[in-house]
Amino acid sequence: MRDFTLIFGCMFAGKTTRLIGLYNESQIDINEKIAVKPLIDNRYQAHSINSHGGLQLIGHRISKAEEIYPLINEQTKEVYIDEIQFMGPLIIEVIGELMSNDIRVIGSGLDKDYLNRDFGHMKALKKLSNNHIQVSAKCHICHKKADFTFRTTDSQDLVLVGHNDVYQARCEEHWNEGMQGRL
Ligand SMILES: [Zn+2]
């Protein structure tokens, strides 16, 4: 059965929390599932996947999608990929390969950047996935449902990893308000 579940949303929407939740709920043996995360995220310990809420999962750090292959063996039934938007250009091919080997794939990632543009290959990943889980955050200003990532600095660097000192989740209205004069 080909199965690719994609969890997506803005920052602070609980994407990693959801991924860890699905990993923990999965009934299969721990040796039959692997979790990976890109090396780019230096916020937490080297061999764990952490949510903002404090949940933790032991996983492999990789720098690109094709590094998933050597981690797979005959036992592998599920592959969990956090921060999938940073997995590089071959991610589509790698997931296709896993799926054709009957390995279930569960990914989570940021679908839009702080300028509300599609992040990396997220659009193609949405198309490839058969199960979508869209998660939302709370607006930093009004606490209503938020689906936009707002960057509080004027840095033009796309990959700026940080906490709420750099980013905020915002509703459309307050994201637009903040972006006025910047675009
Ligand atoms: Zn708002």
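Model, not experiment: these values are computed from the prediction.

Engineer: Looking at this model, I keep getting lost on the sheet that holds strand E7 (residues 104–110). Mind explaining?
Structural biologist: Two modes of strand pairing occur in sheets, parallel and antiparallel, and in both the strands are linked by backbone hydrogen bonds. Taking strand neighbours across the sheet as the criterion, the six strands line up as E5-E2-E6-E7-E1-E8 in an open arrangement whose pairing is parallel. The strands lining the two open edges of the sheet, one partner per strand, are strand E5 (60–62) and strand E8 (131–134). The average undirected angle you get between the axes of adjacent strands in this sheet is 20°. Pairing of strand E2 (residues 33–38) with strand E6 (residues 78–81) involves four bridges; the strand directions are parallel. Within E6, the position partnered with Val 36 by the bridge is Ile 81. Each of strand E1 (4–9), E2, E6, E7 and E8 is contacted by helix H1 (residues 15–25), which is oriented at about 165° to E7, the strand it contacts most. Here helix H2 (residues 91–100) sits on the sheet in contact with E1, E6 and E7, set at roughly 155° to E7.

Engineer: When you look at the pairing of E2 in this model, what are you seeing that I'm missing?
Structural biologist: Successive residues of a regular strand alternate their side chains across the two faces of the sheet. Along E2, five of the six residues are buried, which leaves the element largely enclosed by surrounding structure. As judged from the three bridges shared by E2 and E5, these two strands associate in the parallel manner. Note that in E5 the partner of Pro 38 across the bridge is Ile 62.

Engineer: Honestly, unusual backbone geometry in this entry has me stumped. Any pointers?
Structural biologist: With glycine set apart, most residues show a phi of negative sign, and most peptide bonds adopt trans. A positive phi angle, close to 65°, is found at Phe 12, a residue other than glycine. Relative to the helices and strands, Phe 12 resides in the loop between E1 and H1. Residue Phe 12 is classed as buried on the basis of its 21 C-beta neighbours within 10 Å. You will see that His 143, though not glycine, has its phi angle at about 65°, which is positive. You can see His 143 is positioned in the loop between strand E9 (137–138) and strand E10 (145–146).

Reading the values: rules and limits
Residues numbered from 1 in each chain as written. Predicted model: local features only at pLDDT ≥ 70, side-chain atom pairs only at ≥ 80, totals over all residues. Pairing = 2+ DSSP bridges. Helix = DSSP H or I, 4+ residues; strand = E, 2+ residues; numbered from the N terminus. Axes fitted to C-alpha atoms, helices over the stretch in contact; angles between N-to-C directions. Contact = placed C-beta atoms within 7 Å. Buried ≥ 20, exposed ≤ 12 C-beta atoms within 10 Å, placed from the backbone.

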